[in-house]
Amino acid sequence: MTLRHPAPTDEVVELCRDLLRIDSTNTGDTRTSAGERVAAEYVAGKLAEVGVEPTILETEPGRTNVVARIPGTDPGRDALLVHGHLDVVPADPAEWSVHPFSGEVHDGYVWGRGAIDMKDFDAMTLAVVRDWQRTGVRPPRDIVLAFTADEEAGSDLGAHFLVERHPELFEGCTEAVGEVGGFSYTVNDNLRLYLVETAEKGIEWLRLHARGRPGHGSMIHDDNAVTALAEAVSRVGRHRFPLVVTPTVRAFLEEVSAALGVELDPDDPETAIAKLGPIANIIGATVRHTANPTRLEAGYKDNVIPGRATATIDCRTLPGDADEFIAQLREVIGPDLEIEHIQRQPAVETTFDGALVDAMAAALRAEDPGARAVPYMLSGGTDAKAFNRLGIRCFGFAPLRLPADLNFSALFHGIDERVPVDGLQFGVRVLDRFLRAS
Ligand SMILES: [Zn+2]
């Protein structure tokens, strides 16, 4: 009697549940983070078990990455990178209807922190690779697998570390797939748009410093740092940067307008975007630079006017010249405040064309006849920003068919994060087809 292997569509659920049960919380500080080590060891074990040799790279204690390479049948071809992060943002059990690290299955969903961001895709990737190894399938080109640490805090201990210190692991990689894309947006019973990420906005985290004359709170005072800062911060918070429709957003809006039968006014795309429902928050943020004040700090006593005050501004920039954005922001802030750069990661953008994109669209259509792949720009950031530094074309393609009424974008970092079981299984089938054809 021979031992039968589990079907990848069954195993993906177990792999996802196992990963969700591992707390890999990233607080942004290694001292208070659970770390990715246990999850990384789990992944490495699942790869080694089927004969894929993992390389384990730890940056700080417990902050662990796993990289592996599966040789393709045609060594003359460039390699494809498939990447997923292993860390998750914190979750407060008191706010959840199930424990966020329970990996429970009910109502047709797998529940847990990381269920869609992004242990679901980690599990899909493992399920496909394990099935291939057991059944002797080899991909046409080399596939490099990267399971990374620290994505939720800027990837310095994860993807950026790998790119800077171990670029040899990605030798030959010209294209990559990872989060956040490949999920469905239901137009009607016969049409679902699958949003493939081909661009993401850049990150500019800035600290504004206002300086003034310190003094007594009871006296006339015309050089108050708190007042100067507050004025600048409120101007920034209310400011709307000019409308810029990039090639990615234009392609997306044209597809969506056609699908929804909405008239698209190129001078006013936001009217069309407003009709998109829950994803309008993401798409709406991709037609302008944005700048949101997030932190304020000043003073140490109720009756003392402090000599300085600081504010943090979270800016997200469109592809293009980031310095031009800073010049625009300077106009809003005025000449007196000092601008300190805390974090700068340029926007990335690639075109929605070529054999890899065709393979995505074909794999989706084979599993969902109503599927139509469309490019879009993510307003946030992912590990793609790091891998793009190696000249790799990065796509968000973690395929997932979602129920029409699920508010998917609210689940990212949200309470009761969960992934549909049939969505996971759909994802495995699409990923398998896509990787075989890539
Ligand atoms: Zn993520």
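A. How the structure looks around the overall build of the chain. Looking only at helices and strands, the chain features 13 helices and 19 strands. For the chain, whose C-alpha radius of gyration is 23 Å, the value lies close to the compact-globule estimate of 22 Å for 438 residues. Taking the principal axes of the C-alpha coordinates as reference, the chain spans close to 90 × 55 × 45 Å. Burial analysis of the chain (438 residues in total) assigns 55% to the buried set. Residue pairs in contact within the chain that sit at least 24 positions apart in sequence constitute 80% of those at least 6 positions apart. Surface exposure of the chain reaches about 18,900 Å², of which carbon and sulfur atoms provide 49%. Put simply, the chain has 43 plus and 68 minus side-chain charges, and the middle of one group is 1 Å from the middle of the other.

B. Inspection of the sheet that holds strand β15 (residues 338–345) at higher detail. Pairing is antiparallel across the open sheet formed by four strands, whose spatial order is β12-β14-β10-β15. The sheet is open, and its two edges are formed by β12 (290–298) and β15, each paired on a single side. Each neighbouring strand pair of the sheet contributes to a mean axis angle of 20 degrees, computed without reference to strand direction. Note that β12 and strand β14 (residues 308–317) share eight bridges and pair antiparallel. Bridging from a neighbouring strand, Ala291 pairs with Cys315 of β14. Running over the sheet, helix α5 (residues 225–238) touches β10 (202–211), β12 and β14 and is turned about 15 degrees from β14. This element, helix α9 (residues 322–333), spans β10, β12, β14 and β15 of the sheet and lies at about 150 degrees to β15.

C. Spatial organisation of the packing of aromatic side chains. The full count for this structure, using the stated rule, is seven aromatic pairs. Between the aromatic rings of Phe183 and Phe408, the centroid separation amounts to 4.8 Å while the plane-to-plane angle is 40 degrees, which identifies the pairing as tilted. Placement of Phe183 in strand β8 (residues 183–188) and of Phe408 in helix α12 (residues 408–411) is noted, with a sequence separation of 225 residues between them. Each residue in the set Phe183, Tyr376, Phe408 and Phe412 is aromatic and connected to the rest through ring pairs, giving one cluster. Over the ring of Tyr109 we find Arg418; its NZ or CZ atom is 5.2 Å from the centre of that ring. Above the ring of Trp111, the side-chain terminus of Arg418 is found at 5.0 Å from the ring centroid.

D. Structural detail: the coordination of the zinc ion. Those donors, His85 (NE2), Asp117 (OD), Glu179 (OE) and Glu179 (OE), are the protein atoms that reach the zinc ion, and they lie 1.8 to 2.6 Å from it. With four donor atoms in place around the zinc ion and angles of 54 to 153 degrees between them, the coordination shape is irregular. Considered as a linear motif, the donors of the zinc ion on their single chain read H-x31-D-x61-E. Placement of Asp117 in the loop between β5 (109–111) and α3 (119–135) and of Glu179 in the loop between β7 (173–178) and β8 is noted, with a sequence separation of 62 residues between them. A single burial state applies to Asp117 and to Glu179, both of which are buried.

E. Structural context of the nonpolar core. Among the nonpolar cores identified, the biggest contains 94 residues, and Leu47, Phe252 and Phe434 are the most heavily contacted of them. Beyond its immediate sequence surroundings of up to four residues, Leu47 is in contact with Val52, Pro54, Val66, Ala68, Leu126, Val129, Leu145 and Phe147. In this structure, Ala225, Ala311, Leu329 and Ile333 belong to the second largest nonpolar core, which totals 21 residues.

F. Seen up close, the sheet that holds strand β4 (residues 105–106). Here three strands make up an open sheet; going across it, the order is β4-β5-β19 and the pairing antiparallel. The two strands at the open ends of the sheet, each matched to only one other strand, are β4 and β19 (418–420). Where β5 meets β19, three bridges bridge the pair, whose relative direction is antiparallel. Residue pairing for β19: Tyr109 is matched across the bridge by Pro420.

G. Seen up close, helix α10 (residues 355–367). Along its 13 residues, α10 runs 19 Å from first to last C-alpha, staying within 8% of the 18 Å computed at 1.5 Å per residue. Residues of α10 that are buried include every one of Leu356, Val357, Ala359, Met360, Ala361, Ala363, Leu364 and Glu367, and no others. Against β3 (79–85), β7, β9 (191–200), β17 (371–378), β18 (393–396) and α13 (421–437) lie the buried residues of α10.

Thresholds, definitions, all that
- Residues numbered from 1 in each chain as written.
- Predicted model: local features only at pLDDT ≥ 70, side-chain atom pairs only at ≥ 80, totals over all residues.
- Heavy atoms only, no water.
- Helix = DSSP H or I, 4+ residues; strand = E, 2+ residues; numbered from the N terminus.
- Rg over C-alpha atoms; globule rule 2.2 N^0.38 Å.
- Buried < 20%, exposed > 50% of the residue type's maximum accessible area, 1.4 Å probe, protein only.
- Contact = heavy atoms within 4.5 Å.
- Areas by Shrake-Rupley, 256 points an atom, 1.4 Å probe, with all protein chains shown as cover.
- Lys, Arg positive; Asp, Glu negative; His and termini not counted.
- Charge placed at Lys NZ, Arg CZ, Asp CG, Glu CD.
- Pairing = 2+ DSSP bridges.
- Axes fitted to C-alpha atoms, helices over the stretch in contact; angles between N-to-C directions.
- Phe/Tyr/Trp six-rings, centres within 6.5 Å; stacked < 30°, edge-to-face > 60°.
- Lys NZ or Arg CZ within 6 Å of the ring centre and 35° of its normal.
- Donors = N, O, S within 2.8 Å, 3.2 Å for Na, K, Ca; no water.
- Tetrahedral: all angles 85-135°; square planar, octahedral: opposite > 155°, others 65-115°.
- Core = buried A, V, L, I, M, F, W, Y, C linked by side-chain atoms within 4.5 Å.
- Expected span 1.5 Å × (residues − 1).

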